[in-house]
Amino acid sequence: MPLGLRGKKKDKAKETSKLVESEAAPAPRGEPAPAPVASQLQFHAQLAHGSATGRVQGFSSARELYDRIAAAFGIDPAQIMFCTLNTHKADMDKLLGAQIGLEDFIFAHLKGQRKEVEILKTDNMLGLTITDNGVGCAFIKRIKEGSLMDQNKMVCVGDHIQAINGKNVSDRRHYEVAKMLKDLEKGRMFKLELIEPKKAFEMLEPRSKGGTLPEAKISRGRETLRLRTKGPATVEETPTEVEEKAIKKVDELLETYMGIRDIELAATMVEAGRDKKNPDEFAVALDETLGDFAFPDEFVFDVWGAIGDAKQGRL
(Lines give C-alpha, C1' and ligand atoms only; values in the text may rest on other atoms or scores of the structure.)
Protein backbone atom coordinates (compact mmCIF):
# COMPACT_ATOMS: atom_id res chain seq x y z
CA MET A 1 0.00 0.00 0.00
CA PRO A 2 1.25 3.52 -0.70
CA LEU A 3 2.52 5.59 2.17
CA GLY A 4 1.64 9.26 2.39
CA LEU A 5 0.72 9.78 -1.26
CA ARG A 6 -1.86 12.36 -0.33
CA GLY A 7 0.36 14.02 2.23
CA LYS A 8 2.27 15.69 -0.57
CA LYS A 9 1.42 19.22 -1.58
CA LYS A 10 -0.95 19.32 -4.54
CA ASP A 11 0.77 21.77 -6.67
CA LYS A 12 -8.70 5.80 -44.83
CA ALA A 13 -10.85 5.16 -46.38
CA LYS A 14 -9.78 2.12 -48.46
CA GLU A 15 -8.12 4.35 -51.01
CA THR A 16 -5.78 6.57 -49.09
CA SER A 17 -2.89 8.50 -50.46
CA LYS A 18 -0.57 10.77 -48.50
CA LEU A 19 -2.80 12.58 -46.01
CA VAL A 20 -0.32 15.09 -44.61
CA GLU A 21 1.06 18.13 -46.32
CA SER A 22 3.59 20.53 -44.82
CA GLU A 23 4.42 24.02 -46.01
CA ALA A 24 7.95 23.84 -44.59
CA ALA A 25 10.73 24.47 -47.11
CA PRO A 26 12.69 21.38 -48.16
CA ALA A 27 15.92 20.78 -46.28
CA PRO A 28 19.22 21.43 -48.08
CA ARG A 29 20.76 18.36 -49.68
CA GLY A 30 22.49 16.16 -47.15
CA GLU A 31 20.59 17.57 -44.17
CA PRO A 32 17.63 15.82 -42.47
CA ALA A 33 14.20 17.22 -43.25
CA PRO A 34 12.80 19.45 -40.48
CA ALA A 35 10.07 18.02 -38.26
CA PRO A 36 6.58 18.99 -39.45
CA VAL A 37 4.91 21.86 -37.63
CA ALA A 38 1.65 20.82 -36.00
CA SER A 39 -0.25 23.87 -37.26
CA GLN A 40 0.73 23.04 -40.86
CA LEU A 41 -0.47 19.45 -40.85
CA GLN A 42 -3.55 18.59 -42.87
CA PHE A 43 -5.78 15.58 -42.31
CA HIS A 44 -8.53 14.15 -44.50
CA ALA A 45 -11.92 13.83 -42.81
CA GLN A 46 -15.41 12.57 -43.63
CA LEU A 47 -18.70 12.30 -41.79
CA ALA A 48 -19.09 8.66 -40.78
CA HIS A 49 -22.62 8.33 -42.19
CA GLY A 50 -21.40 9.57 -45.57
CA SER A 51 -20.06 12.81 -47.04
CA ALA A 52 -17.50 14.31 -49.35
CA THR A 53 -13.93 14.42 -48.09
CA GLY A 54 -12.80 17.56 -46.31
CA ARG A 55 -9.47 18.77 -44.95
CA VAL A 56 -8.81 19.92 -41.40
CA GLN A 57 -5.75 21.61 -39.94
CA GLY A 58 -4.61 24.12 -37.34
CA PHE A 59 -5.92 22.41 -34.16
CA SER A 60 -4.25 21.68 -30.82
CA SER A 61 -7.08 20.00 -28.87
CA ALA A 62 -10.11 17.83 -29.39
CA ARG A 63 -12.37 20.88 -29.10
CA GLU A 64 -10.46 22.72 -31.82
CA LEU A 65 -10.48 19.62 -34.01
CA TYR A 66 -14.26 19.35 -33.73
CA ASP A 67 -14.54 23.05 -34.57
CA ARG A 68 -12.43 22.54 -37.71
CA ILE A 69 -14.44 19.49 -38.78
CA ALA A 70 -17.70 21.36 -38.19
CA ALA A 71 -16.48 24.30 -40.27
CA ALA A 72 -15.40 21.98 -43.10
CA PHE A 73 -18.86 20.40 -43.31
CA GLY A 74 -21.07 23.34 -42.23
CA ILE A 75 -22.42 21.71 -39.07
CA ASP A 76 -22.64 22.58 -35.37
CA PRO A 77 -19.60 21.23 -33.45
CA ALA A 78 -21.97 20.04 -30.71
CA GLN A 79 -23.38 17.49 -33.18
CA ILE A 80 -20.08 15.56 -33.22
CA MET A 81 -20.21 12.68 -30.73
CA PHE A 82 -16.77 11.18 -31.33
CA CYS A 83 -14.29 10.42 -34.10
CA THR A 84 -12.76 7.16 -35.30
CA LEU A 85 -9.57 6.67 -37.28
CA ASN A 86 -9.53 4.88 -40.64
CA THR A 87 -13.04 3.40 -40.34
CA HIS A 88 -16.56 4.81 -40.63
CA LYS A 89 -17.82 2.21 -38.14
CA ALA A 90 -18.38 3.02 -34.46
CA ASP A 91 -15.41 0.80 -33.63
CA MET A 92 -14.31 1.50 -30.06
CA ASP A 93 -10.83 0.15 -30.80
CA LYS A 94 -10.35 2.91 -33.39
CA LEU A 95 -11.47 5.90 -31.32
CA LEU A 96 -9.53 9.10 -31.79
CA GLY A 97 -7.86 9.95 -28.50
CA ALA A 98 -4.84 12.05 -27.63
CA GLN A 99 -2.83 10.91 -30.65
CA ILE A 100 -3.47 10.90 -34.38
CA GLY A 101 -1.11 9.09 -36.74
CA LEU A 102 0.14 11.48 -39.40
CA GLU A 103 -1.51 9.37 -42.11
CA ASP A 104 -4.76 8.63 -40.27
CA PHE A 105 -8.11 9.40 -41.93
CA ILE A 106 -10.65 10.94 -39.53
CA PHE A 107 -14.33 9.96 -39.50
CA ALA A 108 -16.70 12.12 -37.43
CA HIS A 109 -19.78 10.44 -35.95
CA LEU A 110 -22.75 12.78 -35.53
CA LYS A 111 -25.71 12.61 -33.18
CA GLY A 112 -28.56 10.62 -34.63
CA GLN A 113 -31.77 9.12 -33.27
CA ARG A 114 -32.82 9.83 -29.69
CA LYS A 115 -34.26 7.09 -27.51
CA GLU A 116 -35.39 6.52 -23.93
CA VAL A 117 -35.08 3.31 -21.95
CA GLU A 118 -36.33 2.37 -18.49
CA ILE A 119 -34.38 -0.25 -16.59
CA LEU A 120 -34.85 -1.99 -13.26
CA LYS A 121 -31.52 -2.03 -11.43
CA THR A 122 -31.38 -5.61 -10.19
CA ASP A 123 -27.59 -5.69 -9.84
CA ASN A 124 -25.06 -3.28 -8.39
CA MET A 125 -22.95 -3.64 -11.54
CA LEU A 126 -24.64 -2.41 -14.71
CA GLY A 127 -21.97 -3.74 -17.05
CA LEU A 128 -21.29 -0.42 -18.81
CA THR A 129 -17.91 1.13 -19.52
CA ILE A 130 -18.09 4.87 -20.21
CA THR A 131 -15.69 7.11 -22.11
CA ASP A 132 -16.00 10.63 -23.54
CA ASN A 133 -14.83 12.74 -26.45
CA GLY A 134 -13.00 15.30 -24.32
CA VAL A 135 -15.56 18.08 -24.81
CA GLY A 136 -18.50 16.95 -22.70
CA CYS A 137 -20.01 14.02 -24.56
CA ALA A 138 -19.92 10.81 -22.52
CA PHE A 139 -20.82 7.66 -24.41
CA ILE A 140 -20.82 3.89 -23.98
CA LYS A 141 -17.57 2.22 -24.95
CA ARG A 142 -18.29 -1.33 -23.84
CA ILE A 143 -21.18 -3.48 -22.65
CA LYS A 144 -20.18 -6.53 -20.65
CA GLU A 145 -21.67 -9.71 -22.06
CA GLY A 146 -24.37 -11.19 -19.83
CA SER A 147 -24.64 -8.03 -17.73
CA LEU A 148 -27.81 -6.16 -16.79
CA MET A 149 -27.37 -3.63 -19.59
CA ASP A 150 -26.61 -6.37 -22.10
CA GLN A 151 -30.15 -7.62 -21.59
CA ASN A 152 -31.62 -4.38 -22.95
CA LYS A 153 -30.94 -4.40 -26.66
CA MET A 154 -31.89 -0.73 -27.07
CA VAL A 155 -28.69 0.25 -25.27
CA CYS A 156 -25.75 0.05 -27.67
CA VAL A 157 -22.04 0.72 -27.84
CA GLY A 158 -21.50 4.28 -29.09
CA ASP A 159 -24.69 5.69 -27.53
CA HIS A 160 -24.27 9.11 -25.92
CA ILE A 161 -25.79 9.29 -22.43
CA GLN A 162 -27.70 12.57 -22.50
CA ALA A 163 -29.70 12.30 -19.26
CA ILE A 164 -30.10 10.03 -16.23
CA ASN A 165 -33.53 10.13 -14.56
CA GLY A 166 -34.25 13.42 -16.31
CA LYS A 167 -30.97 15.05 -15.19
CA ASN A 168 -28.98 16.32 -18.17
CA VAL A 169 -25.41 15.01 -18.09
CA SER A 170 -24.30 16.20 -21.53
CA ASP A 171 -21.68 18.50 -20.00
CA ARG A 172 -20.34 15.92 -17.52
CA ARG A 173 -17.07 14.02 -17.85
CA HIS A 174 -17.16 10.26 -18.22
CA TYR A 175 -16.04 9.57 -14.66
CA GLU A 176 -18.90 11.71 -13.31
CA VAL A 177 -21.46 9.87 -15.45
CA ALA A 178 -20.01 6.50 -14.42
CA LYS A 179 -20.30 7.46 -10.74
CA MET A 180 -23.90 8.61 -11.15
CA LEU A 181 -24.80 5.27 -12.72
CA LYS A 182 -22.97 3.36 -10.01
CA ASP A 183 -24.78 5.32 -7.28
CA LEU A 184 -28.25 4.51 -8.61
CA GLU A 185 -30.28 2.65 -5.98
CA LYS A 186 -30.57 -1.09 -6.44
CA GLY A 187 -34.13 -2.37 -6.79
CA ARG A 188 -35.41 0.88 -8.36
CA MET A 189 -36.29 1.78 -11.93
CA PHE A 190 -34.15 4.37 -13.67
CA LYS A 191 -34.44 6.09 -17.03
CA LEU A 192 -31.71 6.80 -19.57
CA GLU A 193 -32.04 9.26 -22.42
CA LEU A 194 -29.63 8.20 -25.14
CA ILE A 195 -28.54 9.44 -28.57
CA GLU A 196 -27.12 6.91 -30.99
CA PRO A 197 -24.57 7.76 -33.70
CA LYS A 198 -26.09 8.73 -37.03
CA LYS A 199 -25.90 5.95 -39.59
CA ALA A 200 -26.46 5.68 -43.30
CA PHE A 201 -28.95 2.94 -44.15
CA GLU A 202 -26.33 0.78 -45.83
CA MET A 203 -24.16 0.93 -42.72
CA LEU A 204 -26.71 -0.51 -40.31
CA GLU A 205 -25.21 -3.54 -38.59
CA PRO A 206 -25.96 -5.84 -35.64
CA ARG A 207 -25.34 -4.44 -32.19
CA SER A 208 -21.72 -4.63 -31.00
CA LYS A 209 -20.36 -5.32 -27.53
CA GLY A 210 -17.44 -3.00 -28.20
CA GLY A 211 -13.85 -3.83 -29.06
CA THR A 212 -11.57 -5.98 -26.96
CA LEU A 213 -8.62 -4.20 -25.45
CA PRO A 214 -5.82 -6.48 -26.74
CA GLU A 215 -6.76 -5.52 -30.30
CA ALA A 216 -6.68 -1.78 -29.60
CA LYS A 217 -4.02 0.35 -31.23
CA ILE A 218 -2.74 3.58 -29.73
CA SER A 219 -1.74 5.00 -33.11
CA ARG A 220 -0.81 3.92 -36.62
CA GLY A 221 1.96 6.06 -38.05
CA ARG A 222 5.61 6.24 -36.98
CA GLU A 223 4.85 9.74 -35.78
CA THR A 224 1.67 11.09 -34.25
CA LEU A 225 0.07 14.43 -33.60
CA ARG A 226 -0.36 14.63 -29.81
CA LEU A 227 -3.34 16.72 -28.72
CA ARG A 228 -3.00 18.36 -25.32
CA THR A 229 -5.52 19.93 -22.95
CA LYS A 230 -2.88 22.52 -22.05
CA GLY A 231 -0.44 23.91 -24.57
CA PRO A 232 -0.07 23.41 -28.32
CA ALA A 233 -0.24 20.10 -30.15
CA THR A 234 3.11 18.49 -30.85
CA VAL A 235 4.40 15.95 -33.34
CA GLU A 236 5.92 13.03 -31.44
CA GLU A 237 7.23 9.54 -32.02
CA THR A 238 4.72 6.72 -31.67
CA PRO A 239 4.71 5.32 -28.11
CA THR A 240 7.22 2.54 -27.57
CA GLU A 241 6.10 -1.05 -27.09
CA VAL A 242 6.78 -0.70 -23.36
CA GLU A 243 4.68 2.48 -23.16
CA GLU A 244 1.83 0.87 -25.11
CA LYS A 245 1.75 -2.05 -22.67
CA ALA A 246 1.74 0.35 -19.72
CA ILE A 247 -1.04 2.43 -21.28
CA LYS A 248 -3.23 -0.62 -21.89
CA LYS A 249 -2.73 -1.84 -18.33
CA VAL A 250 -3.57 1.60 -16.88
CA ASP A 251 -6.67 1.70 -19.09
CA GLU A 252 -7.75 -1.61 -17.52
CA LEU A 253 -7.18 -0.17 -14.04
CA LEU A 254 -9.34 2.84 -14.94
CA GLU A 255 -12.21 0.49 -15.76
CA THR A 256 -11.72 -1.50 -12.56
CA TYR A 257 -11.63 1.53 -10.27
CA MET A 258 -13.82 4.05 -12.09
CA GLY A 259 -15.91 2.24 -14.71
CA ILE A 260 -14.36 4.21 -17.56
CA ARG A 261 -12.05 3.52 -20.46
CA ASP A 262 -9.83 6.35 -21.65
CA ILE A 263 -6.66 5.70 -23.67
CA GLU A 264 -5.90 9.43 -23.68
CA LEU A 265 -6.11 9.62 -19.90
CA ALA A 266 -4.05 6.44 -19.52
CA ALA A 267 -1.36 7.82 -21.86
CA THR A 268 -1.23 11.06 -19.89
CA MET A 269 -0.76 9.12 -16.64
CA VAL A 270 2.02 6.98 -18.11
CA GLU A 271 3.70 10.12 -19.42
CA ALA A 272 3.48 11.70 -15.95
CA GLY A 273 5.34 8.72 -14.48
CA ARG A 274 8.04 8.57 -17.13
CA ASP A 275 10.84 10.21 -15.08
CA LYS A 276 9.49 9.74 -11.55
CA LYS A 277 11.52 7.78 -9.02
CA ASN A 278 8.85 6.72 -6.52
CA PRO A 279 5.05 6.66 -6.04
CA ASP A 280 5.09 9.86 -3.96
CA GLU A 281 6.62 11.86 -6.82
CA PHE A 282 4.18 10.22 -9.19
CA ALA A 283 1.19 11.15 -6.98
CA VAL A 284 2.28 14.80 -6.91
CA ALA A 285 2.65 14.80 -10.73
CA LEU A 286 -0.85 13.38 -11.13
CA ASP A 287 -2.30 16.00 -8.78
CA GLU A 288 -0.66 18.74 -10.83
CA THR A 289 -1.95 17.50 -14.17
CA LEU A 290 -5.12 15.55 -13.30
CA GLY A 291 -6.20 16.88 -9.91
CA ASP A 292 -9.89 17.05 -10.87
CA PHE A 293 -10.08 13.25 -10.84
CA ALA A 294 -9.07 12.96 -7.16
CA PHE A 295 -7.63 9.47 -7.67
CA PRO A 296 -7.52 7.32 -4.50
CA ASP A 297 -4.10 6.39 -3.13
CA GLU A 298 -4.45 2.68 -3.85
CA PHE A 299 -5.32 3.40 -7.49
CA VAL A 300 -2.26 5.67 -7.85
CA PHE A 301 -0.10 2.96 -6.32
CA ASP A 302 -1.47 0.32 -8.72
CA VAL A 303 -0.86 2.60 -11.70
CA TRP A 304 2.70 3.20 -10.52
CA GLY A 305 3.12 -0.57 -10.24
CA ALA A 306 1.77 -1.09 -13.78
CA ILE A 307 4.27 1.43 -15.18
CA GLY A 308 7.07 -0.32 -13.30
CA ASP A 309 5.92 -3.76 -14.50
CA ALA A 310 5.95 -2.55 -18.12
CA LYS A 311 9.47 -1.14 -17.75
CA GLN A 312 10.68 -4.43 -16.23
CA GLY A 313 9.06 -6.53 -18.96
CA ARG A 314 6.51 -8.15 -16.65
CA LEU A 315 3.44 -7.22 -18.74
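Since the model is a prediction, treat every value here as computed from it, not as a measurement.

Brief notes about the overall build of the protein
Here's step 1: Helix and strand counts for the protein come out as six helices and 12 strands.
Here's step 2: The buried share among the 315 residues of the protein stands at 47%.
Here's step 3: Put simply, the protein shows about 16200 Å² of open surface, and 49% of that area lies on carbon and sulfur atoms.

Description of the packing of helix H3 (residues 241-258) against helix H4 (residues 263-272)
Here's step 1: The contact between H3 and H4 brings their axes to 8 Å, and the two run at 120°. Taken together, the axes of H3 and H4 are oblique relative to one another. The crossing of H3 and H4 is right-handed. Contact residues: Ala246, Ile247, Val250, Asp251 and Leu254 in H3; Ile263, Leu265, Ala266, Ala267, Met269 and Val270 in H4.
Here's step 2: The residue inventory of the contact of H3 with H4, partitioned by class, reads 10 nonpolar, no polar and one charged.

Points about unusual backbone geometry
Here's step 1: Residue Asn165 is not a glycine yet carries a positive backbone phi of 50°.
Here's step 2: Looking at where Asn165 falls in the secondary structure, it is placed in the loop between strand E8 (160-164) and strand E9 (167-168).
Here's step 3: Here the phi dihedral of Ala294 falls at roughly 50°; this positive angle occurs in a residue that is not glycine.
Here's step 4: In this structure, Ala294 sits in the loop between helix H5 (279-290) and helix H6 (297-311).

Some remarks on the packing of aromatic side chains
Any pair of aromatic rings gets described here by the distance separating the centres and the angle formed by the planes.
Here's step 1: This structure, assessed with the given rule, holds eight aromatic pairs.
Here's step 2: Pairing Tyr257 with Phe299 gives two aromatic rings, centres 5.0 Å apart and planes at 65°, and the pair type is edge-to-face. Taken together, the residues Tyr257 in helix H3 and Phe299 in helix H6 connect sequence positions 42 residues apart.
Here's step 3: Judged by centre distance (5.0 Å) and plane angle (40°), the ring pair of Phe295 and Phe299 falls under tilted. Like Phe299, Phe295 is buried.
Here's step 4: An aromatic cluster of three or more residues is present, and its members are Tyr175, Tyr257, Phe293, Phe295 and Phe299.

Observations concerning the pattern of salt bridges
Here's step 1: Summed over all chains, the structure comprises 17 salt bridges.
Here's step 2: Among the ionic pairs, Glu243 bridges to Arg274, the shortest N-O distance being 3.0 Å. Residue Glu243 is located in helix H3, and its partner Arg274 is located in the loop between H4 and H5; the two are separated by 31 residues in the primary sequence.
Here's step 3: Salt bridges linked by common partners bring Lys115, Asp159, Glu196 and Lys199 together as one network.

Focus on the nonpolar core
Here's step 1: Of all hydrophobic cores here, the largest spans 56 residues; its most connected members are Ile161, Leu181, Leu192, Met269 and Phe295.
Here's step 2: Broken down by element, this core gets its largest block of residues, seven residues, from H6.
Here's step 3: The two domains that each donate at least three residues to this core are domain 1 (38-197) and domain 2 (237-312).
Here's step 4: Residue contacts for Leu192: discarding those within four places in its chain leaves Lys115, Glu116, Val117, Ile119, Met149, Ile161, Ala163, Ile164 and Leu181.

Quick word on the side chain of Gln162
Here's step 1: One can find Gln162 in strand E8.
Here's step 2: Within the structure, the side chain of Gln162 is placed 2.9 Å from the side chain of Arg114, a separation counted as a polar contact.
Here's step 3: The contact partners of Gln162, leaving out residues within four places of it in the chain, are Arg114, Lys167, Asn168, Val169, Ser170, Glu193 and Ile195.

With respect to H5
Here's step 1: The terminal C-alpha atoms of H5, which comprises 12 residues, lie 15 Å apart, in line with the 16 Å expected from a rise of 1.5 Å per residue.
Here's step 2: By the burial criterion, the buried members of H5 are Pro279, Phe282, Ala283, Val284, Ala285, Leu286, Asp287 and Leu290.
Here's step 3: The opening residue of H5, the one whose side-chain oxygen lies 3.1 Å from the backbone nitrogen of Asp280, is Asn278.

Describing the environment of Ser147
Here's step 1: If you trace the backbone, Ser147 turns up in the loop between strand E7 (138-143) and E8.
Here's step 2: Residue classification places Ser147 among the buried residues on the basis of a relative accessible area of 9%.
Here's step 3: Taking the C-alpha atoms as reference points, Ser147 and Gly127, 20 residues apart in sequence, are found 5.1 Å from one another.

Some remarks on the pairing of E7
Here's step 1: Counting buried positions over the six residues of E7 gives five, a clear majority of the element.
Here's step 2: Bridge count for strand E6 (residues 128-132) against E7 is five bridges, and the pairing is antiparallel. The residue bridging Ile130 from the neighbouring strand is Ile140, located in E7.
Here's step 3: Taken together, E6 and the strand that follows it, E7, pair antiparallel across an intervening segment of five residues, in which Gly134 is found at a positive phi of about 90°.

So, the packing of H3 against H6
Here's step 1: Put simply, H3 and H6 touch, their axes get as near as 8 Å, and they point 155° apart. Between H3 and H6, the crossing angle belongs to the class labelled roughly antiparallel. For the element pair H3 and H6, the recorded crossing hand is right-handed. Of the residues in H6, those in contact with Val242, Ala246, Lys249, Val250, Leu253, Leu254 and Tyr257 of H3 are Glu298, Phe299, Asp302, Val303, Ala306, Ile307, Ala310 and Lys311.

What counts and how
Residues numbered from 1 in each chain as written. Predicted model: local features only at pLDDT ≥ 70, side-chain atom pairs only at ≥ 80, totals over all residues. Heavy atoms only, no water. Helix = DSSP H or I, 4+ residues; strand = E, 2+ residues; numbered from the N terminus. Buried < 20%, exposed > 50% of the residue type's maximum accessible area, 1.4 Å probe, protein only. Areas by Shrake-Rupley, 256 points an atom, 1.4 Å probe, with all protein chains shown as cover. Axes fitted to C-alpha atoms, helices over the stretch in contact; angles between N-to-C directions. Parallel < 35°, antiparallel > 145°, perpendicular 65-115°, else oblique. Left-handed = near helix turned anticlockwise from the far one by under 90°. Contact = heavy atoms within 4.5 Å. Nonpolar A, V, L, I, M, F, W, Y, C, P; charged D, E, K, R; others polar. Phe/Tyr/Trp six-rings, centres within 6.5 Å; stacked < 30°, edge-to-face > 60°. Salt bridge = Lys/Arg side-chain N within 4 Å of Asp/Glu carboxyl O. Core = buried A, V, L, I, M, F, W, Y, C linked by side-chain atoms within 4.5 Å. Domains from an automatic or database assignment. Polar contact = N/O pair within 3.5 Å; in protein donor to acceptor, adjacent residues only side chain to side chain. Expected span 1.5 Å × (residues − 1). Pairing = 2+ DSSP bridges.

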